[in-house]
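Residues per chain are reported as follows:
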Amino acid sequence: MPRICPSWLRWLALSVLALAAVVPFWWIAVVSVRADGVFSSSIGEMFFPSRLTIKYYCKLWEVREQLPLLRFFGNSLLLTAGGVLLEVALASMAAFPLARRSFWGKSAVAWVLAAALMLPTQANQIVNFTTVRFLGLYDTWAAVVLPGAVSVFGILLMRQAFLVVPAELEDAARLDGCGEWGIFWHIMLPLTRASQATLALFAAVANWNSFLWPLVVLKSNELYPLSVGLAYLSETFDSDFRLVAAGTVMGMLPLILVFFAIQKQFIKGLTAGALK
């Protein structure tokens, strides 16, 4: 039976999608080092300029008094690290009983979690903001991290990872006297590291790029993450887009480096549970 879609056509479609995803990032990077104007009449010159400069990256350091991007960068690192640790830990602990234990209402809990994925993030912001103000956490980093400490996506991802762990390993550990916490810590977590790396990457991207929620719950400039700081950079130096582009590239580099560092674990985590 002939294939409906030949392999070369699939590769062509994937290449077009990949190119469409890469071009905006490449253009921002090119603008940040372009020595001439932001735009060019030539397509080749627009994406591959002949004259390059790094003066806009140097200028980011020169304006550190008016706009402390290094402080914003450090704030983002701390907020992202805390968010990733909480996401992986809490999602794993919530997913373990859903995957490996039997209790009344288990299926209903799973369906409710799946239904919650359809709710937009913005729908919860009013409730979260009211709760943050009631707890006295307004204008603190805790107000930024805690409302997103665990996600439904993370719970369902780890649940699927735990489901494919052979039950024989769990039974053998229990015969050796291992308790529930020991099974979770010594059996489940080591065997699902790929899924944890995948979840950590998703959480890192979400926390690093978070803009609206930190802008709502923070009013002190010294607490702003990089995403909010770059917005102020755009407002302060809106006449020179190349400076904004340089700041944007600096903000993208950490996530790119993290992805290349764990890309193998990331791909393994996405395919975990596809085959048994």
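Each chain has its residues counted from 1, following the order in which its sequence is written. Under the rules for a predicted model, residues below a pLDDT of 70 receive no local features and side-chain atom pairs below 80 are neither given nor counted, while totals for whole chains, interfaces and linings still include all residues. With hydrogens and water stripped out, all remaining heavy atoms of the structure feed into the side-chain values.

**So, the overall build of the protein**
Secondary structure is summarised from DSSP: a helix means a run of H or I of at least four residues, a strand means a run of E of at least two, and numbering begins at the N terminus for each. Per the secondary structure count, the protein includes 14 helices and zero strands. Its helices and strands in sequence order give the protein the pattern α-α-α-α-α-α-α-α-α-α-α-α-α-α, from N to C terminus. Residue contacts are defined here by distance: any two heavy atoms, one from each residue, within 4.5 Å place the two residues in contact. Taking as baseline every contact in the protein between residues at least 6 positions apart, the subset at least 24 positions apart corresponds to 73%.

**Description of the packing of helix H8 (residues 152–163) against helix H11 (residues 193–209)**
Every angle, taken between N-to-C directions, lies between 0 and 180 degrees, and every axis is a line fitted to C-alpha atoms, over only the stretch in contact when it is a helix. Here H8 crosses H11 at 170°, and the two axes come no closer than 10 Å. The orientation of H8 relative to H11 falls into the category roughly antiparallel. Crossing geometry of H8 relative to H11 is assigned as right-handed. Mapping the contact onto sequence places Phe-153, Gly-154, Leu-157, Met-158 and Ala-161 in H8 and Ser-195, Gln-196, Thr-198, Leu-199 and Phe-202 in H11. Each residue is assigned to one of three groups, with Ala, Val, Leu, Ile, Met, Phe, Trp, Tyr, Cys and Pro labelled nonpolar, Asp, Glu, Lys and Arg labelled charged, and all others, Gly among them, labelled polar. Partitioning the contact of H8 with H11 into residue classes produces six nonpolar, four polar and no charged. Geometric relationships in this document are graded by angle, where less than 35 degrees denotes roughly parallel, more than 145 denotes roughly antiparallel, 65 to 115 denotes roughly perpendicular, and other angles denote oblique. For any helix crossing, the convention is left-handed if the near helix is rotated counterclockwise from the far helix by under a right angle, and right-handed if that rotation is clockwise.

**Examining the environment of Phe-241**
Here Phe-241 shows up in helix H14 (residues 241–271). Of the residues examined, Phe-241 reaches a relative accessible area of 34% and is grouped as partly exposed. For the exposure calls, accessible area comes from a 1.4 Å probe over protein chains only, and a residue counts as buried if that area is under 20% of its type's maximum, exposed if over 50%, partly exposed in between.

**With respect to the side chain of Ser-76**
Within the secondary structure layout, Ser-76 lies in helix H4 (residues 69–100). Look at Ser-76 and you get buried, because its relative accessible area is 2%. Setting aside chain neighbours within four positions, we find Ser-76 in contact with Trp-208, Pro-225, Leu-226 and Ser-227.

**A closer look at the pattern of salt bridges**
A carboxyl oxygen of Asp or Glu within 4 Å of a side-chain nitrogen of Lys or Arg is what we treat as a salt bridge. Going through the model one piece at a time under the given rule, you end up with six salt bridges. A network of salt bridges, in which partner residues are shared, links Arg-100, Arg-101, Glu-170, Asp-171, Arg-174 and Glu-180.

**Let's talk about helix H1 (residues 7–33)**
A turn of α-helix holds 3.6 residues, and therefore any two residues three or four places apart point the same way. One fewer than the residue count of a helix, multiplied by 1.5 Å, yields its expected span. Compared with an ideal rise of 1.5 Å per residue, which puts 27 residues at 39 Å, H1 spans 38 Å between its outermost C-alpha atoms and is within 8% of the ideal. All buried positions along H1 are accounted for by Trp-27, Ile-28, Val-30, Val-31 and Ser-32.

**A look at the packing of H4 against H8**
Their axes nearest at 7 Å, the elements H4 and H8 cross at an angle of 50°. For the element pair H4 / H8, the angle class is oblique. Crossing handedness for the pair H4 and H8: right-handed. On H8, the residues that touch Glu-87, Ala-91, Ser-92, Ala-94, Ala-95, Phe-96, Leu-98, Ala-99 and Arg-100 of H4 are Gly-154, Ile-155, Met-158, Arg-159, Phe-162 and Leu-163.

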